[in-house]
Amino acid sequence: FGIEPNLQTLISEEQANTNEILAPINSSICINEQLIKINRTDIVDGIVNNAGNHKHFVLHGEGGTGKTGVIKDLFAQIHPSIPLCIRKAQSLNVNSLTEIFSFSYQYRLEQFIAAYSEHTQKFFIIDSAEKLQEIEDDGPIRSLIKMLDENGWSIIFTVRNVFLKDLKETLLI
């Protein structure tokens, strides 16, 4: 019995991180005791059905239009059979990739990749991707995106319309 972290611990911590980020996101609203929910089934199904190696998505829209709500609905539909990990873009302002995977333990990107290696379909979300523009040293982010792409992750970026062009320029790796 060891106390060192293992891949299952990493998966559990990723799950807790995803739950923490998505918990305050509302995908429905109650007005006069009536639940109102925007039907995003076509969008979510389109993402799930078109995901795969080297297939990435950009969800864009005005602020407050429900981009992250789509992610929450996607998570609700695919969890727990398909992994979904999420990071706010500003949390990617790091000096090394290890910082991206620091929870209770400092995991390496290689451990993250190994933890999900058996899954053929998996999603990594970069939420509020317009914040990537504010990061001076984009080396770790570029390495992360490259490694995710090489290992079969579908990356989903959420971004406000006004920053869409800037994001496209940033992603030209």
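A quick note: this is a predicted structure, and the numbers were derived from the prediction, not measured.

S.K.: Can you lay out the pairing of strand 5 (residues 123-127) for me, pointing to particular residues and giving the numbers?
M.R.: Most of strand 5 sits out of view: five of its five residues are buried. Direction of pairing for strand 4 (residues 84-88) relative to strand 5: parallel, over a ladder of five bridges. Across the sheet, Leu84 pairs through a bridge with Phe123, a residue of strand 5. As paired elements, strand 5 and strand 6 (residues 154-160) share four bridges and run parallel to each other. Looking across to strand 6, one finds that Ile125 is bridged to Ile156. After leaving strand 5, the chain enters helix 6 (residues 139-150) and then returns to the sheet as strand 6, a path that is right-handed.

S.K.: Report on the layout of surface pockets, specifying residues and quantitative values.
M.R.: Within this model, the largest pocket holds a volume of roughly 350 Å³. In this structure, the largest pocket is lined by 22 residues; those nearest its centre are Gly64, Thr65, Gly66, Lys67 and Thr68. Elements supplying a minimum of two residues to the lining of the largest pocket: helix 3 (67-78) and strand 6. Residue contributions to the lining of the largest pocket peak at three residues, all from helix 3. The residue makeup of the lining of the largest pocket, split by class, is three nonpolar, twelve polar and seven charged. The volume enclosed by the second largest pocket comes to roughly 160 Å³. Contributing to the lining of the second largest pocket are Ile11, Glu14, Gln15, Phe75, His79, Pro80, Ile82, Pro83, Leu84, Cys85, Tyr116 and His119. Listing elements by their share of the lining of the second largest pocket, those giving two or more residues are helix 1 (7-22) and strand 4. Ranked by residues supplied to the lining of the second largest pocket, first place goes to helix 1 with three residues. Along the lines of polarity and charge, the residues of the lining of the second largest pocket split into eight nonpolar, three polar and one charged.

What counts, and where the lines are drawn
Residues numbered from 1 in each chain as written. Predicted model: local features only at pLDDT ≥ 70, side-chain atom pairs only at ≥ 80, totals over all residues. Heavy atoms only, no water. Buried < 20%, exposed > 50% of the residue type's maximum accessible area, 1.4 Å probe, protein only. Helix = DSSP H or I, 4+ residues; strand = E, 2+ residues; numbered from the N terminus. Pairing = 2+ DSSP bridges. Right-handed = clockwise from strand over helix to strand, strands pointing away. 1 Å grid on protein atoms, 1.4 Å probe; cavity = no way out; pocket = protein on both sides within 12 Å on 5 of 7 lines; lining within 4 Å. Points joined across faces, edges and corners; volume = space filled by probe spheres on them. Nonpolar A, V, L, I, M, F, W, Y, C, P; charged D, E, K, R; others polar.

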